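# Breakdown of the fold
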Amino acid sequence: MIERRRFLLALWAWGFGPALLGADRAGAPGASLEPLAGALVLSGGGARGAYEAGVVGGLAARGGVRDGQRLPPYEVVCGTSIGALNGWFVATGQYEKLRELWYGISREKLIQAKSRYAALRDSQSGLLDRAGSALSLIALVRDQRGLLQSEPVRDWIARNVDPAVPLLVPLLWGVTNLAQQRPEYFYVTPEGSGAELPRKVVNALHILLGPQTVVREATADLLHDAIFASSALPIAFDPVIMPGPDGVPAPYCDGGIATNSPVGVAHAVATSADVVLLDPPFEAKTDYHDAVEIAFGAYGTMQRKIIEVEMRNAYFQSVGKRAIEGISPSEVSRVTRNNPLLATFMHSVTATELRYIRPEQTLPLGVVGFNDEVGIGKAYRQGWEDVGSRGFVDYDWRTFQL
C-alpha cells in the first residue's frame, strides 16, 4: 500500500503539482463546484474552421437537434480564434446560420490587403508597382503592424454576432494580451445562470492554469472585439486595441499563440471534452520557399507542442485523480489531511474523459483562404462526413501524434 501510494502521489505531482504550488488556499476545498458534464473544444485554424463547422452541423443533424436547442452532451463550449467564432453559434444554438455563413463567406471578401500591399497579389500590376509594394512590406517592421485590413472582418463579426441572442450554454475563449505577453480568457454565460457559474469558471482556471490567470466576462460592448482579437493572426492583422482588465487600452491578438486548442480550459470545468482539431497527423515538410512559410512553420510547431502538452496533462491529471479515488476513503482522508496541496487537487480538479476528431488529410484550403469557395465547401463536407464515418475517438497518449 505504501509503494502504491507513493506511486500515485508521484503521478499526481508529475502531472499537476507544479500548477498547485502557486494556488491560493482560498480556492481550495469547499470552494469547488460540481463540474459540467461535457465540453466541446473548437480549435483555431482560420478558414479551415469550415471543417469544425461541418462537424457541428453533422452532430446536430445526427442528434436531431434544431436551431435554438442545446447540442448534447455539451454544457460548455471552449474555443480559440476561428473556434471562438464558431463557438458563438454553437453556444447560441444557431446551427443553420453557421452553415449559411460558411457557405457564403467567400463572397464577403474578408481577406483584403492594405492598399500599400495590394499590388503584391495583383497579377495585372506592373513590375514597378510590385517592387514598390515589396519595399512597403520591408517597412512593416518599422511603421506597420499588419498586412491585411481589419475592418472587413470586424464589420462581418459585428453584423453576424448579435449579443442579444440568448446563450444556451457558456462560451469561453482565449486571447493574447501583447502588452502583458500572456493569455487571457473571456466568457459569456446564459442569462439567469447567476454568479455561481462564472465563479466556478474563474476558480477552476485559477487552480489549473495558475492564480494569476485573467478570466473576465465579455460584456456586450467588448464581445465583438474580444472575438476578433482571438482571431487576429500576428503580421496578418493589426492587434485589436481594447480595454485590459484594469480598463487601460491594450493590444490583443490571436489566442492561438498560447492555447490554439483550449483543452486545459475544458479540463478545468467539465468531466468530458470532445476536441475538434484542424490538422491531420503530422507530415514532414521540407520545401519552405520563403520567410512567410518559415514563419508559419515555426508558428505551427509551437501550436502543436502546446496542444500536445495540454492533452497529455489533462489525461494524466485525470488518471491521477481517478487512481487516488480508488484508494480507501480513510486513506485518502488521512493523506489529504496532511497535504493541503493534495486536498486542493482532489476537491478542485476534474477527471476529464478526452476524445478528439481530426481530418485524415490536410484540408483543401489555407489558413487565410476565406475567399476560397470551393475549398471551404470541401472542408465543411469533410467535417460533416467524418462525424458519420469515424466520429470522436478516445485520446491515447501512447499513439496520439500531432
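Residues numbered from 1 in each chain as written. Predicted model: local features only at pLDDT ≥ 70, side-chain atom pairs only at ≥ 80, totals over all residues. Heavy atoms only, no water.

## Points about the pattern of salt bridges
This is how the line gets drawn: By convention in these notes, a salt bridge is any Lys or Arg side-chain nitrogen within 4 Å of a carboxyl oxygen on Asp or Glu. By definition, any uninterrupted DSSP run of H or I lasting at least four residues is a helix, any uninterrupted run of E lasting at least two residues is a strand, and each is numbered from the N terminus. Only protein chains enter the area calculation, which uses a 1.4 Å probe; residues under 20% of their type maximum are buried, those over 50% are exposed, and those in between are partly exposed.
Here the structure, examined in full by the defined rule, presents 14 salt bridges. We note a salt bridge from R99 to E96, for which the minimum N-O separation is 2.8 Å. Taken together, the residues R99 and E96, both in helix α5 (residues 95-104) and three residues apart, mark about one turn of the helix. In this structure R99 comes out as partly exposed when scored by relative accessible area, which is 29%. One salt bridge connects R398 with D396, and the closest N-O pair in it is separated by 3.2 Å. On the basis of relative accessible area, R398 is assigned to the exposed category, the value being 62%. Accessibility expressed as a relative area gives 22% for D396, which makes it partly exposed.

## Quick look at the nonpolar core
Filter applied, for reference: We define a nonpolar core as any set of buried Ala, Val, Leu, Ile, Met, Phe, Trp, Tyr and Cys residues linked to one another through side-chain atoms lying within 4.5 Å. By definition, residues are in contact when any of their heavy atoms lie within 4.5 Å.
Grouped together as the largest cluster of nonpolar side chains are 68 residues, with contacts concentrated most on L40, L71, W102 and W173. Among all residues touching L71, those that are not within four sequence positions of it are L40, V56, L59, A60, V65, V90 and Y95. Listed in part, the 31 residues of the second largest apolar core include V41, Y185, A314 and Y356.

## Quick notes on helix α9 (residues 196-209)
Inclusion rule: To estimate how far a helix should extend, the number of its residues minus one is multiplied by 1.5 Å.
With 14 residues, α9 should cover 20 Å at 1.5 Å per step; its first-to-last C-alpha distance of 20 Å lies within 8% of that length. Just downstream of α9 lies G210, where phi reads positive at about 120°.

## So, the packing of α5 against helix α16 (residues 373-389)
Keep this limit in mind: Only the stretch in contact is used when a helix axis is fitted, and all axes are lines through C-alpha atoms; the angle between N-to-C directions ranges over 0 to 180 degrees. Note that the term roughly parallel is reserved for angles under 35 degrees, roughly antiparallel for angles over 145, roughly perpendicular for angles of 65 to 115, and oblique for everything else. Residue type decides the class: Asp, Glu, Lys and Arg count as charged, Ala, Val, Leu, Ile, Met, Phe, Trp, Tyr, Cys and Pro as nonpolar, and the leftover types, Gly among them, as polar.
It is at 8 Å that the axes of α5 and α16 come closest, and there the two elements cross at 150°. With respect to their mutual orientation, α5 and α16 come out roughly antiparallel. Here R99, W102 and Y103 of α5 lie close against α16, whose contacting residues are I376, G377, Y380 and R381. By residue class, the composition of the contact of α5 with α16 is four nonpolar, one polar and two charged.

## Considerations on the packing of aromatic side chains
What counts here: Only rings of Phe, Tyr and Trp enter the pairing, Trp through its six-membered ring, and a pair is recorded when the two centres are within 6.5 Å. The plane angle decides the type: under 30 degrees is stacked, over 60 is edge-to-face, the rest tilted.
Scanning all chains against the criterion turns up 10 aromatic pairs. Relative to F186, the ring of W173 has its centre 6.0 Å away and its plane inclined at 25°; by these criteria the two rings are stacked. Of this pair, W173 sits in strand β3 (residues 171-177) while F186 is found in strand β4 (residues 182-188), placing the two residues 13 residues apart along the sequence. As far as the burial class goes, W173 and F186 line up, both buried. Here the aromatic cluster, defined as three or more aromatic residues joined through ring pairs, consists of Y315, F316, Y356, Y395, W397 and F400.

## Here's the deal with the packing of helix α14 (residues 329-338) against helix α15 (residues 340-348)
Running from amino to carboxyl end, α14 crosses α15 at an angle of 125°, the nearest separation of the two axes being 5 Å. In terms of orientation, α14 and α15 fall into the oblique class. Residue-level contacts link V335, T336 and N338 of α14 to P340, L342, A343 and M346 of α15. Among the residues forming the contact of α14 with α15, the class breakdown is five nonpolar, two polar and no charged.

## Some remarks on the confidence of the model for the protein
What counts is decided by this rule: A score between 0 and 100, pLDDT records how confident the predictor is in each residue.
Overall, the predicted model of the protein reaches an average pLDDT of 83, with 84% of residues at or above 70. In the predicted structure, residues 122-138 sits below a pLDDT of 50 and forms 17 contacts with residues beyond four places in sequence or in another chain.

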